[in-house]
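# A closer look at the structure
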Amino acid sequence: MGWGLVLALTLIVIAPVIVVAWQAGVSTDIRPEDIAAIRFTVTQAILSALVSVIVALPIARALARRQFWGRNAIITLLGAPFILPVIVAVIALLTIFGQGGILARYLAEIGFNLPSIYGLSGVVLAHVFLNVPLVTRYLLQGWNDIPAEHFRLAASLGFSARDTFRLLELPMLRATLPAAALAVFLICTTSFAVALTMGGGPRATTIELAIFQAFRFDFDLARASQLALFQLLLTGVTALVAFRVLRLASFGGGSGRPLSRPDIPKSGGLVVLDATVVAVAVVFFMAPLLSIVVRGAPHLPDLPSSIWLASLNSLLVALAAALMAVLGALGVVLAAAYGATVAGTTLRILAYLPLALSPLVLGTGLFLAINPYIDPRDVALPVAATVNAAVTLPFAVGILHPVLLRTESQYANLADSVGLTGWSRFRDLYFPASRPALGFSAGLAAALSIGDLSVIALFTGADVTTLPMQVYRLMGAYRMEDAVAASLWLLLLSLFVFWVFDWWGRRDA
Amino acid sequence: MRHSILAAGLALTIGTPALAQTPVLTVYTYDSFVTDWGPGPAVEEAFEATCNCDLEFVAAGDGAALLARLRLEGARTDADVVLGLDTNLTAAARETGLIAPHGLSADDLDLPIAWEDDAFLPFDWGYFAFVYDSSKTPEAPSNFRDLAQSDTKIIIQDPRSSTPGLGLLLWVKAAYGEDAAEVWQDLSDNIVTVTKGWSEAYGLFLEGESDMVLSYTTSPAYHLIAEEDPTKAAAAFDEGHYMQIEVAGIVEGSDQTDLAKSFLEFILSDGFQGVIPTTNWMYPAKVASDGLPDGFETLITPETSLIFDPSEAAMKRDVALAEWLSALSQ
């Protein structure tokens, strides 16, 4: 099974890269707009990472040192943007910060003009909105990893707030902040949907978007490949650095346990400050989503019928991607667990490789490989499912691997002694033990895939369409009310698929 | 494992060839043509009343994206007719080898220029112009230099995906030649955003995202006639206005050649031309027997009209595009 899986992953992950490199050839024709795209990609990713970290820091600190009613609910909600379809986030932000949005209307009444959201500011805003919750959870984890005794000790030794910060919190931040910033940077370098919708022309084009434009505007495959190669270099190097610094698995969880902090006053200015920070954060993150619900709900019944077929397509893509990602991850982890074989090691490397690949790079490679033989439009959905499965595979492996390792180390001897081997060992030991993790990672994969707007944009004609694509089209046709309603529907569907899988995993666990 | 992946993949491959009784004529066109308020519905009804067929419009983005879509699909395309390219793109479209000669005579048109193309037939025309709200912007700029110097905010379309975007590129090129790059550099701080198509740009303008939007001298007629709103106006530019002639052609290798041909004939009849002014808001290529609707006489008519012939436009496009990209990506 190990080598079979190696072959499958090689076909999906390595082959497209080779095809892209082959097609790009040795052309050294770098145009000014390519430089601009690379520059914009890096600039917006740096800004997004910095702003996300700066915004997340006070939120995480307030949440880490306070206990209050609703704290757990807030932390759970902070996990939501991970499965929030990007296009939904964009529409949600437009209903607040767009020129026709709530904020613009209020500001207009007092004589202010809200600057346009399109371009760099909009792209960064959307990325911050999508990534601050992740960074917050990541930092929260960092604070939770500081042993509570240390804080107690600091308090009994009469440390000042500054000393506590310098000796206990700063070392943790030094370790976690760069990793968190790097993760956001990596996510933002492959930004497509945000740049497509919020970017404004040549000045605000990411490399991903430029690849799409080479396809859709010029149908220039050589150029698309060349851009894909640039993208590959950028994400490859970033991923390599990130891989050394980043604890991937910890992005899955997030601790709900509040810290006991005897050193922090329970009343006074600091409490007001923390309460304000948390309140502002909740409003900033919930208001756009609430506004989608309020504006979209009345229009849900009048959505054009094309939405329902698109929903079905999206569901199929999501289910297939989730199945492939989870089965693939299970295979990778099991092959690795059976000892340090060559196949096992190769598999783990292959499984993490998609972190360095963007969906459009994979999509370009697959398009080039398929186009001479099959009409790419006919396989738009399977290809979308496959690429999404590949992109979510690292997360699934990251979540499953520790669980299976733990199971193996706890029960291996017992299982061996009762002769539990092969299939029955999987059925009676690994499977029940990893079911919650399986459900959670399948839910993640499904939710991420249902909201994906990248590969499908390359492959599809007008005939086969998915829900995020329909939302984008409604937005393009400036049917904002319908677009908002369709976004609400997409949001509900992605929450639903996540919940179904997660529920399956937790059921009688 | 691999079996499940394959099975999952196969389950997704849904072939959807609808087996229709009546022949289907597939027409690729741009987005705004097929909207409820565009010409699509009326044209479909009128043609289907006589053709004993099913006319199916497929919206493929804006006009220039239409050509890219055709290239991308190549000989596999489902399109029988492509409607909505303009003369700036016909040379490139011809080069694909995907357009068949129409074999129809095109005399007797109401175009400002003579028509001699054997692959494409014109269906409407107009002049590009910046449209503004005269109640908010009392004094509109009267040429590109004034515009660049003012702090007037404009929304334009991407020349790679949109025919108005490409038209603007060639407009500036026709008016300024060698100085075009400099004009674009000066204009770059006036541009709020560059959209993929006309629909997005016009929608954003109506939502108040900019002072002016690249559209047509005929656009104010829509507001005047359909909305009884006289405040929208087109700014007259003293360099002259670039002309757009929108065309349709038959796709080579179409399995409905006869039907495609009769559709192209229909395009120049009253049934099509009569709805153009008040749905596509352009001048008809052949004015219908009842003339132009009331309100069109209020529109500005440019003193100088600019246009490159198709081969000239194709030649100038690449240079102009490079200038535009480098000016706007700084």
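Residues numbered from 1 in each chain as written. Chains lettered and ligands numbered in written order. Predicted model: local features only at pLDDT ≥ 70, side-chain atom pairs only at ≥ 80, totals over all residues. Heavy atoms only, no water.

Quick look at unusual backbone geometry now. You will see that Phe-219 of chain A, though not glycine, has its phi angle at about 45°, which is positive. Tracing the backbone through its elements, the reader meets Phe-219 of chain A in the loop between helix 10 (207-216) and helix 11 (221-245). Positive phi outside glycine occurs at Glu-228 of chain B, with the angle close to 50°. Here Glu-228 of chain B lies in the loop between helix 10 (219-227) and strand 9 (232-235). (Helix = DSSP H or I, 4+ residues; strand = E, 2+ residues; numbered from the N terminus.)

Okay, the environment of Arg-473 of chain A next. Residues and elements named next belong to chain A. Here Arg-473 lies in helix 19 (residues 467-476). Sequence separation between Arg-473 and Ala-483 is ten residues; the distance between their C-alpha atoms is 8.2 Å. A distance of 3.5 Å separates polar atoms of two side chains, one belonging to Arg-473 and the other to Thr-465. (Polar contact = N/O pair within 3.5 Å; in protein donor to acceptor, adjacent residues only side chain to side chain.)

The subject of this paragraph is the domain arrangement of chain B. Residue and element names in this part refer to chain B. When cut into domains, chain B gives domain 1 (20-125 + 245-293) and domain 2 (126-243 + 298-328). For domain 1 versus domain 2, the separation of C-alpha centres amounts to 24 Å. Every contact between the two is made by 19 residues of domain 1 and, on the other side, 32 residues of domain 2. Between domain 1 and domain 2, the buried area comes to about 2000 Å², and carbon and sulfur atoms account for 66% of it. A per-residue breakdown of the area domain 1 buries against domain 2 is headed by Asp-62, Asn-88 and Trp-281, which together make up 35% of the total. For the pair domain 1 and domain 2, the number of links is zero salt bridges. At the level of elements, helix 2 (31-34), helix 4 (63-73), strand 3 (81-86) and helix 5 (90-95) are the ones that each hand at least two residues to the side of domain 1 that touches domain 2. Split into classes, the residues belonging to the side of domain 1 that touches domain 2 amount to ten nonpolar, six polar and three charged. (Domains from an automatic or database assignment. Contact = heavy atoms within 4.5 Å. Buried area = accessible area lost by both parts, 1.4 Å probe. Salt bridge = Lys/Arg side-chain N within 4 Å of Asp/Glu carboxyl O. Nonpolar A, V, L, I, M, F, W, Y, C, P; charged D, E, K, R; others polar.)

Here the focus is the confidence of the model for chain A. Of all residues in chain A, 94% attain a pLDDT of 70 or more, and the chain-wide mean is 86. Below a pLDDT of 50 lies the segment residues 248-255 of chain A, which in the model reaches 20 contacts outside its immediate sequence neighbourhood of four places, other chains included. (pLDDT = per-residue confidence, 0-100.)

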